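Chain by chain, the residues:
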Amino acid sequence: TREKGDKIMTVNSENTERRVVSVIVVNEASVLSRITNLFSGRGYNITSLTVAPIPDSKYSRLTIVTAGSIRVIEQITKQLHKLIPVLKVYEHADLVEKEMALVKFPISENLNEISILCEAYNGKIVNSGGNMIIAMVADEPKRVGHFLDAIKRYNPKEIVRSGAVALER
């Protein structure tokens, strides 16, 4: 068993849980393709994938959100280590995780209510013009999901959700 928040969960090879894995790679062509092929070739799903260069280096960080048992995640980690351009792979234990969403609303909706809702989720209105406004929130993935549920009554016209980014504490 292992404690997770206030819940105690029994963890065995059959339990599937959400996992966040970071991979540091040499920033070169085809690295992303090789990593995603590793996942798809073994039937593992990627829920979210975020890639960005590490400032002042020749490396990039991939943040991969997936689901699997401890055994599956160990297998993924071992396979990732075998790829040549991969420098470091680690599954986050204690992390800070954020995600962003941009939402386009008709200008006819209640801007004040939308703005207040955005602020509750670490966001704000970031653009307005013509007949649309665009709001942005950046928060924990679950909270971004709650925000997206809450804004449905304001008739969003378009929603773009980023992948997760994470750093260990």
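It should be noted that the structure appears before, not after, this text.
A quick note: this is a predicted structure, and the numbers were derived from the prediction, not measured.

Visitor: Could you give me a rundown of the packing of aromatic side chains, with the residues and numbers involved?
Guide: The final tally for this structure, using the stated rule, is two aromatic pairs. With 6.4 Å between their ring centres and 80° between their planes, Phe 39 and Tyr 44 make a pair best called edge-to-face.

Visitor: Explain the environment of Arg 169 residue by residue, including any values.
Guide: Structurally, the position occupied by Arg 169 is in the segment after strand 11 (165-168). Between the C-alpha atom of Arg 169 and that of Asp 149, which follows or precedes it by 20 residues, the distance is 29 Å. At a separation of 3.4 Å, a polar atom in the side chain of Arg 169 contacts the main-chain carbonyl oxygen of Leu 95.

Visitor: Before we move on, can you summarise the sheet that holds strand 5 (residues 59-68) with the specific residues and values?
Guide: As summarised here, the arrangement of the four strands in space is 4-5-3-6, forming an open sheet in which the pairing is antiparallel. The sheet is open, and its two edges are formed by strand 4 (46-53) and strand 6 (86-91), each paired on a single side. In this sheet, adjacent strand axes meet at a mean angle of 15° when their direction is disregarded. When strand 3 (residues 17-26) meets strand 5, the two strands line up antiparallel, connected through ten bridges. When the bridges of strand 5 are listed, Val 21 appears paired with Ile 64.

Visitor: Run through the pairing of strand 8 (residues 123-129), naming residues and quoting values.
Guide: A regular strand places its side chains so that they alternate between the two faces of the sheet. Sheet topology note: the strand 8/strand 9 (residues 132-139) ladder contains six bridges and is antiparallel. Each residue of the ladder has a partner; that of Gly 129, found in strand 9, is Met 132. Counted along the chain from strand 8 to the antiparallel partner strand 9, the turn is two residues long, and its residue Gly 130 has a positive phi close to 60°.

Visitor: Report on helix 2 (residues 70-82), specifying residues and quantitative values.
Guide: Along an α-helix, a turn takes 3.6 residues, which lines up residues three or four apart on a common side. Given a rise of 1.5 Å per residue, 13 residues ought to cover 18 Å, and the 19 Å separating the end C-alpha atoms of helix 2 matches this to within 8%. Looking at the buried residues of helix 2, the elements they touch are strand 3, helix 1 (31-41), strand 5 and strand 6.

Scoring rules and cut-offs
Residues numbered from 1 in each chain as written. Predicted model: local features only at pLDDT ≥ 70, side-chain atom pairs only at ≥ 80, totals over all residues. Heavy atoms only, no water. Phe/Tyr/Trp six-rings, centres within 6.5 Å; stacked < 30°, edge-to-face > 60°. Helix = DSSP H or I, 4+ residues; strand = E, 2+ residues; numbered from the N terminus. Polar contact = N/O pair within 3.5 Å; in protein donor to acceptor, adjacent residues only side chain to side chain. Pairing = 2+ DSSP bridges. Axes fitted to C-alpha atoms, helices over the stretch in contact; angles between N-to-C directions. Expected span 1.5 Å × (residues − 1). Contact = heavy atoms within 4.5 Å.

Note that all results are geometric; they support no functional claim without further evidence.
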